[in-house]
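Commentary on secondary and tertiary structure
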Amino acid sequence: MNLVFLGPPGAGKGTHAEILSKEKRLVHLAAGDILRRNVKEGTELGNQAKSIMARGELVPDALVNDMMFAEIRSLKAKGSEGFILDGYPRTIGQAEELDRFLTREKMSLTAAVNFDASEAVVIERLSGRRICAVDGKIYHVRNMPPKTEGICDCHGQPLLTRKDDQPETIKTRLAVYHESTKPLIDFYFRKGILRHVAADGDAPSVQKMLEKLFENTR
Ligand code: AP5
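The text that follows walks through the structure, step by step, so that each part is easy to find.

Cut-offs used in this document
Per chain, residue numbering runs from 1 following the sequence as it is written. Local features in this predicted model are restricted to residues of pLDDT 70 or higher, and side-chain atom pairs are both shown and tallied only at a pLDDT of 80 or more, whereas totals for entire chains, interfaces and linings draw on every residue. Water and hydrogen atoms were dropped before computing side-chain values, which therefore reflect all heavy atoms in the structure. We call a residue near a molecule or strand when any one of its heavy atoms sits within 4 Å of it. Within 3.5 Å is the distance limit for a polar contact, defined as a pair of N or O atoms, with the added protein rule that one can donate a hydrogen and the other accept it, and that residues adjacent in sequence qualify only through two side-chain atoms. Note on areas: Shrake-Rupley with a 1.4 Å probe; residue coverage comes only from the protein chains shown. A run of DSSP states H or I qualifies as a helix once it reaches four residues; a run of E qualifies as a strand once it reaches two. Both are numbered from the N-terminal end. Think of it this way: DSSP has to see at least two bridges between two strands before they count as a pair. Note on geometry: axes are lines fitted to C-alpha atoms, helical ones only across the stretch in contact, with angles between N-to-C directions running from 0 to 180 degrees. Two residues qualify as a contact provided that any one of their heavy atoms is within 4.5 Å of a heavy atom in the partner residue. Two cysteine sulfur atoms make up a disulfide if the distance between them is within 2.5 Å. Summary of the burial criterion: residues with accessible area below 20% of their type's maximum are buried, those above 50% are exposed, and those between are partly exposed, where the area comes from a 1.4 Å probe applied to protein chains only.

What follows covers the site of the ligand. As a structural note, the neighbourhood of the ligand is formed by 37 residues, with T15, E57, R90, R129 and R173 the closest of them. At 2.9 Å from an oxygen atom of the ligand is found a main-chain nitrogen or oxygen belonging to G14. Calculation on the ligand without its partners gives an accessible area of 1,000 Å², and the protein chains cover 97% of this total. Among the elements of the structure, α1 (13-24), α2 (31-41), α6 (119-128), β6 (138-140) and α9 (203-213) are those that each provide at least two residues to the shell around the ligand.

Written out as structure tokens, the structure reads:
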């Protein structure tokens, strides 16, 4: 099963992709996480992406496409059972290139899941999000707090706030979402593979809806 997770920043794509990928034995490929890893390691891609990401804008399609195709090729080589693409594609251009790539590789998408979350909810979620500095595990100060305030449960390190979770950058990211990414809902609807999850609810209820969508799909 190969899935794409769509939705505005803060809708819960990363949180729920992490859980579903474990349950269904899929590989979770989060474009933002891979880019942040490149920034941290100071690769050429990371250096090109760093300031763009800090402003909340999109990294150029060609860079992101090459990065994600390399990831998918390496999964295929390892014989993986499938993947969840989280935060990719994010423009019509990326979606069209992904289609061409998957056709060349004799692969296809099972579904594109739209996480339908309201603006008020995503702003509240992004403002309270904290992440582990070691592996990027996602917390929320109220909704998904760590056992000890401000400290990662797994690594015992202080939790961080993402640089692009500042109020001004959140505004830019939401505007970019509406202009460039939202049209993908229609793109995948026309392909007949769009599924919706009402994502304003708490994590267990959203997860339940997601699992119901794919209970009979391998
Ligand atoms: P990226 O890291 O992908 O950010 P995003 O799409 O803006 O998504 P987020 O990670 O902010 O939100 P999410 O939906 O995963 O929510 P989460 O699960 O964390 O991208 C960052 C940047 O990289 C981009 O701005 C761009 O510059 C670049 N980039 C990435 N992909 C690119 C591409 N394809 N092309 C070009 N550039 C690209 O949840 C948020 C919070 O809510 C957490 O605190 C969580 O604990 C909480 N929460 C989640 N679900 C629930 C729930 N159901 N109930 C209560 N709380 C919840």
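Turning our attention to the sheet that holds strand β7 (residues 194-198). Reading across from one edge, β2-β3-β1-β4-β7 is the order of the five strands in this open sheet, with parallel pairing throughout. Each end of this open sheet is capped by a strand with a single partner; those strands are β2 (27-30) and β7. Put simply, the sheet's adjacent strands are angled 20 degrees from each other on average, direction ignored. Two strands pair when backbone bridges link them, and strand β1 (residues 2-6) and strand β3 (residues 83-86) are joined in this way by four bridges, in the parallel orientation. Residue pairing in the sheet places N2 in a bridge with F83 of β3. This element, α2, spans β2 and β3 of the sheet and lies at about 65 degrees to β2.

Turning to the state of the cysteines, a few remarks are in order. Per the counting criterion, the structure on display carries zero disulfides. Here C152 stays free of any disulfide, with the sulfur of C132 as its closest cysteine sulfur at 3.6 Å. C152 provides the cysteine sulfur closest to C154, a residue in no disulfide bond, and the two sulfurs are 4.7 Å apart. C154 sits in the exposed class, given a relative accessible area of 52%.

Its location among the elements puts V197 in strand β7. According to the relative accessible area criterion, V197 is buried, its value standing at 1%. Separated by 190 residues in the primary sequence, V197 and G7 place their C-alpha atoms 9.8 Å from one another. In contact with V197, not counting residues within four places along its chain, are V113, N114, F115, D116, V206, M209, L210 and L213.

A word on the side chain of R125. Assignment of secondary structure puts R125 in helix α6. Non-local contacts of R125, meaning those with residues more than four positions away in its chain, are made with G10, A11, G12, H140, N143, A199, D200 and G201.

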